[in-house]
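This is what each chain is made of:
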Amino acid sequence: MTDYGHELRFGTFLPAEASTADESVRLAVLTETLGLDLTSVQDHPYQGRFLDAWTLLSVVAAATQRISVFPNVANLPLRPPAVLARAAAGLDVLTGGRVELGLGAGAFWDAIVGMGGTRRTPAESLKALEEAVAVLRALWSDERSSRVDGEHYQLRGAHPGPAPAHDIGIWIGGYKPRMLSLIGRVGDGWLPSSPYLPPEQLGEANARIDDAAVAAGRRPQDVLRLYNIAGTFAGRGQEFLQGPPKVWVEQLAELAVSEGVSGFVLMVRAGGDDDLRRFAVEVAPAVRDLVARERSGVSKPAAPAAPVASAPPVIAVSANLATPTPDDGTRLSAVRLWDEAERPAGPALDPALRYTDRQKAKGQHLVDVHNHLREELDQVRDLVRQVAAGSLDVGRARSMINTMAMRQNNWTLGTYCESYCRVVTTHHTIEDVSLFPALRAADPRLAPVVDRLEAEHHVIADVLERVDAALVSLVGKPDGIGEVQEAVDLLTDTLLSHLSYEERELVEPLSRLNVT
C-alpha cells in the first residue's frame, strides 16, 4: 500500500479537434466553474484535424482565471526543448503561475518524420527526453548562461529566461521500464492513461519509479502521480469506472491511498457536460472526503466494544447535529418576493433523541451542498462586477452562470438539489430521487414546510431568469448594468434566505428519518 500524501487534484483532458474548437474552450471554462483544478489538451502537431496545443492552451488560459493548464503531453520530437521552455515560462508568467508541462518522448514516428522530425529508436528517445529535461531546467534557472552538452540537444551559453512565475512541474508520460526509471530520476510527475495502463499495473510501475528515485537520492513522494482516466456513468458493472458515481468514488479513492495517485484527469468528449458535472460535483469532493478520512484513520467505523447494548454509539443532539447557517437579516434589494414571517415551522426537536454519525452525515450533507451554492453566488456577484468594470464580456458571463449548479438545478421539481447533492457523505450516497415527497410520507407534520420550500423554489427559478434577462438586455443597453446588479442583489436576498430556512427546518428531519 502506497500513499505519498499529496494533495488531490482533479481535472479534464479536453478534445482538441479544430471542428469543435469552441467546445474545447467552453469545456475548459466549465471545468473551472465546477471547481476542478486542471485542464489539458493532447499534442499531436502532425494531425491536421487538431488545433495546435500551445495555441489552444493560450486561449484556454485567457478564458479562465484559476485552473492550471498543461499539454497532455507535449510532443518533444516536434517541439525543441529550448523553445518549449520559453513558451511554457512565458505562458506561466502571463497566467500568474498556472502552467505545468506534460512531456512525452514521441510516438507515431512516420507522422513525425512527415512533419520534418527525426526518427528515433527507443533508446535515442529516452536519451533525448533526459537531455530535454536538462535544457528546460537550465533555461528556467537563475544562472547567467546555460550549457547542456547532449547528443540530441545542446545549449551553448544561452541566456535563461523568462523565469516562470512558479516552479513548473515536468510531468512525463511513459510506460516502459527504462522510461519509468527516468521519471524516478528526473521527473516531477508521472502522467499515464488508464486505457494504456490499467489500475492493476500501477503498483509495479510505481515501484520502478520509487526505486529509481531512491537510487538518485530523491524521495518517492517527490514524484507526483497523475492518471488520465476514462469511464462511463451509464455502466452497470463493477469493473473500473463503469457505473454510478459511488463506484467511481470508491475506486478512485482506493487508487489514491493504495497506489499513490494524487491527480485524476477525466477524458471529456465534445458535449460531455453531464459526465463532467457528475465528475466535478459528485465524484471529486467525495474522493477527497474519503481519502481524508482514510488518512486520518477515521474513515471506517471503529470495531464495536463488548455487546453491552445493541444500539450504535450516540451523541447528544446539541453536539451531534449539523449546524444550520443562520440568516443575518442583511438585505440588498428593496424588493420582497415573500413574507418570511409566514414561513411554517416543522415539529419541535425532541431533546431526548440521539443521532448516530451516519444520521448526522445526512444533515451535514445538506449544509455542505448549500455552501457550494453560496460559493457560486459569490462567483455570480464577482462576474457582474467584472462586467461592470468592462473586464468580462456579457456573453461569457451568461455562459459561465448558465453552467453553475444553481442554474442547472431543477428548482421547480422540489428535489433535493438533484444530482448535485449526492455524495458529500461518501458511503451513503443520496441517489437522484425526489426527496420532498419522501419527507411528506415519512413525517406528515413536515408537509407545510415542504410545500413552502417548493413554492420558494419556483420563486428562485424566476429570479434566476431575471438575472439572465438583465444580462441579455445589457447587450443592447450598455448603461443597464444597474439593472443587472439589482437582479443579482435580489437573487442574493432570496437564495441566502431560502437556504438558511431550508437548513433550519430539514437538517434534523434528514438526520432522523430514513429517507434516501
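All figures in this text were calculated on a predicted structure; none of them were measured in a lab.

### Digging into the overall build of the chain
- Counting secondary structure elements, the chain contains 16 helices and 13 strands.
- Taken over 516 residues, the chain has a buried fraction of 51%.
- Across the chain, contacts joining residues at least 24 apart in sequence account for 75% of those joining residues at least 6 apart.
- Carbon and sulfur atoms make up 52% of the accessible area of the chain, which amounts to about 22,800 Å² in all.

### A short note on the sheet that holds strand 4 (residues 74–75)
- An order of 3-2-1-11-10-9-8-5-4 is seen for the nine strands of this open sheet, with the pairing classed as parallel. The two strands at the open ends of the sheet, each matched to only one other strand, are strand 3 (68–71) and strand 4.
- Direction of pairing for strand 8 (residues 170–173) relative to strand 9 (residues 189–190): parallel, over a ladder of two bridges. For Trp171, the partnering residue across the bridge sits in strand 9 and is Gly189.
- Most of the contacts of helix 2 (residues 53–63) go to strand 3, to which it runs at about 175 degrees, and overall it touches strand 2 (38–41), strand 3 and strand 5 (101–104).

### Focus: the pattern of salt bridges
- Under the defined criterion, the tally for this structure stands at 28 salt bridges.
- The closest approach of N and O atoms between Asp275 and Arg269, which form a salt bridge, is 3.2 Å.
- Judged by its relative accessible area of 24%, Asp275 is partly exposed.
- Looking at Arg269, the relative accessible area reads 52%, which means it is exposed.
- One salt bridge connects Asp451 with Arg440, and the closest N-O pair in it is separated by 2.8 Å. A residue pair is termed long-range when its members are at least 10 positions apart, and Asp451 in helix 15 (residues 447–476) and Arg440 in helix 14 (residues 435–442) qualify at eleven residues.
- The class of Asp451 is partly exposed, set by a relative accessible area of 41%.
- By sharing partners, the salt bridges in this structure join Asp443, Arg445, Glu508 and Arg512 into a single network.

### Remarks on helix 2
- Among the residues of helix 2, those classed as buried are Ala53, Trp54, Leu56, Leu57, Val60 and Ala61. Burial along helix 2 is one-sided: seen end-on, the buried residues are contained in an arc of 155 degrees.
- Residues of helix 2 that are buried make contact with helix 1 (21–33), strand 2, strand 3, helix 3 (81–95) and strand 5.
- Sitting at the head of helix 2, Asp52 places a side-chain oxygen 3.3 Å from the backbone nitrogen of Trp54.

### Some details on the packing of aromatic side chains
- By the definition in use, this model includes seven aromatic pairs.
- Both rings, one in Phe10 and one in Phe279, keep their centres 6.0 Å apart while their planes meet at 65 degrees; by these two values the pair is edge-to-face. Of this pair, Phe10 sits in strand 1 (residues 9–14) while Phe279 is found in helix 9 (residues 273–296), placing the two residues 269 residues apart along the sequence. Both residues of the pair, Phe10 and Phe279, belong to the buried class.
- One aromatic cluster is present, built from ring pairs that chain together Phe10, Phe233, Trp248, Phe264 and Phe279.
- One cation-aromatic arrangement involves Arg225 over Tyr4; the distance from NZ or CZ to the ring centre is 4.1 Å.
- Against the face of Phe233 rests Arg278, its NZ or CZ located 5.2 Å from the ring centre.

### Topic: unusual backbone geometry
- The linkage connecting Asn72 with the following residue, Val73, adopts the cis geometry, with an omega of 5 degrees.
- Of note, Val73 is situated in the loop between strand 3 and strand 4.
- A cis amide bond links Gly161 to the next residue, Pro162, at an omega of -5 degrees.
- Even without being glycine, Phe108 reaches a positive phi, approximately 55 degrees.
- Take Phe108: its relative accessible area is 56%, and that puts it in the exposed class.

### Section: the packing of helix 2 against helix 3
- Between helix 2 and helix 3, the shortest axis-to-axis distance is 11 Å and the interhelical angle comes to 10 degrees. With respect to their mutual orientation, helix 2 and helix 3 come out roughly parallel. Contacts between helix 2 and helix 3 involve Trp54, Leu57, Ser58 and Ala61 from the former and Leu84, Ala87, Ala88, Leu91 and Thr95 from the latter.

### Description of the nonpolar core
- Core analysis: the biggest nonpolar cluster contains 82 residues, and Leu103, Trp140, Ile229, Leu252, Phe264, Phe279 and Val287 have the highest contact counts within it.
- Once residues within four sequence positions are removed from consideration, Leu103 is found in contact with Val73, Ala74, Leu76, Leu84, Leu129, Val133, Leu136, Ile170, Trp171, Ile172 and Gly173.
- Membership of the second largest hydrophobic core comes to 28 residues, among which are Val29, Leu392, Ile401 and Leu490.

Definitions and limits used
- Residues numbered from 1 in each chain as written.
- Predicted model: local features only at pLDDT ≥ 70, side-chain atom pairs only at ≥ 80, totals over all residues.
- Heavy atoms only, no water.
- Helix = DSSP H or I, 4+ residues; strand = E, 2+ residues; numbered from the N terminus.
- Buried < 20%, exposed > 50% of the residue type's maximum accessible area, 1.4 Å probe, protein only.
- Contact = heavy atoms within 4.5 Å.
- Areas by Shrake-Rupley, 256 points an atom, 1.4 Å probe, with all protein chains shown as cover.
- Pairing = 2+ DSSP bridges.
- Axes fitted to C-alpha atoms, helices over the stretch in contact; angles between N-to-C directions.
- Salt bridge = Lys/Arg side-chain N within 4 Å of Asp/Glu carboxyl O.
- Arc of directions from axis to C-beta.
- Polar contact = N/O pair within 3.5 Å; in protein donor to acceptor, adjacent residues only side chain to side chain.
- Phe/Tyr/Trp six-rings, centres within 6.5 Å; stacked < 30°, edge-to-face > 60°.
- Lys NZ or Arg CZ within 6 Å of the ring centre and 35° of its normal.
- Parallel < 35°, antiparallel > 145°, perpendicular 65-115°, else oblique.
- Core = buried A, V, L, I, M, F, W, Y, C linked by side-chain atoms within 4.5 Å.

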